[in-house]
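Inside the fold
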Amino acid sequence: DTAVSQTPKYLVTQMGNDKSIKCEQNLGHDTMYWYKQDSKKFLKIMFSYNNKELIINETVPNRFSPKSPDKAHLNLHINSLELGDSAVYFCASSQDLLDQPQHFGDGTRLSIL
Amino acid sequence: GNSVTQMEGPVTLSEEAFLTINCTYTATGYPSLFWYVQYPGEGLQLLLKATKADDKGSNKGFEATYRKETTSFHLEKGSVQVSDSAVYFCALSETYSGGGADGLTFGKGTHLIIQP
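A short note on the state of the cysteines
The term disulfide refers to a covalent linkage connecting the sulfur atoms of a pair of cysteines. Summed over the entire model, instances satisfying the criterion amount to two disulfides over all chains. Cys23(A) shares a disulfide with Cys91(A); S-S distance 1.8 Å. Disulfide Cys23(A)-Cys91(A): the torsion about the S-S bond is -80 degrees, which places it as left-handed. A residue pair is termed long-range when its members are at least 10 positions apart, and Cys23(A) in strand S3 (residues 19-25) and Cys91(A) in strand S9 (residues 87-94) qualify at 68 residues. There is no split in this pair, since Cys23(A) and Cys91(A) are both buried. One disulfide bridge connects Cys23(B) with Cys90(B), the sulfur atoms lying 1.9 Å from each other. Classification of the bridge connecting Cys23(B) and Cys90(B) rests on its S-S torsion, roughly -70 degrees, and on that basis the disulfide is left-handed. On the criterion of sequence distance, the pair formed by Cys23(B) in strand S4 (residues 23-26) and Cys90(B) in strand S10 (residues 86-95) is long-range, its members being 67 residues apart.

Okay, here's the thing in structure tokens:
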């Protein structure tokens, strides 16, 4: 039973394309997150949603648009992909905003050609 | 803003050696502190946590004590194994007195290599 699952695991595409990464959690958590991990392993939060509402939106280009159709899903859509978007993207969830820790997915490695 | 500083890696040790990975933080409120571990090709797993000053988190032989006076949360293990080789992240999450919390703020990670 995978608690937080992301698809795809690997995504290779060309600059300028639009792509989506899906995330689902089966833990019954209220809060979900997207993090970006760069080539130096540095992790930075991008977004968080609580009960389908946007809570945190760090200084992320508006080419990145999260969508939460329900509490169990938080998808990440990226328009006009750029070379600098190459990274590993991690989805995570927690019971609520106050109840850390967070449970992480295995990541999606995005490579822009 | 919040920040977490941890020692640069890679850290290379022999099996059964004593491990310390330093972590210090800055925060304006009342942070909870965490250590996460990332094995090659995998996502992050919570290793241990502490939610208030003087709390000690422990798991799988690893320990860390929340030291408010030194704003530190150093990770220790008495005898490391080859299977402990991974990247270790120190992180904090701040809870504000009015409620609500930020996402996790991570340190840059410490790559630990244990040699047989």
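Having seen it, we continue.
What to know about the sheet that holds strand S1 (residues 4-7) of chain A
Residues and elements named next belong to chain A. Reading across the sheet, the four strands line up as S1-S3-S8-S7 and stay open at both edges, with antiparallel pairing between neighbours. On the outer flanks of this sheet lie S1 and strand S7 (64-70), each paired with one strand and no other. Sheet twist, expressed as the mean angle between neighbouring strand axes with direction ignored, is 20 degrees. In this structure, S3 lies alongside strand S8 (residues 73-78), joined through four bridges in antiparallel fashion. Within S8, the residue paired with isoleucine 21 across the bridge is leucine 76.

Rules used throughout
- Residues numbered from 1 in each chain as written.
- Chains lettered and ligands numbered in written order.
- Predicted model: local features only at pLDDT ≥ 70, side-chain atom pairs only at ≥ 80, totals over all residues.
- Heavy atoms only, no water.
- Disulfide = S-S within 2.5 Å.
- Helix = DSSP H or I, 4+ residues; strand = E, 2+ residues; numbered from the N terminus.
- Buried < 20%, exposed > 50% of the residue type's maximum accessible area, 1.4 Å probe, protein only.
- Pairing = 2+ DSSP bridges.
- Axes fitted to C-alpha atoms, helices over the stretch in contact; angles between N-to-C directions.

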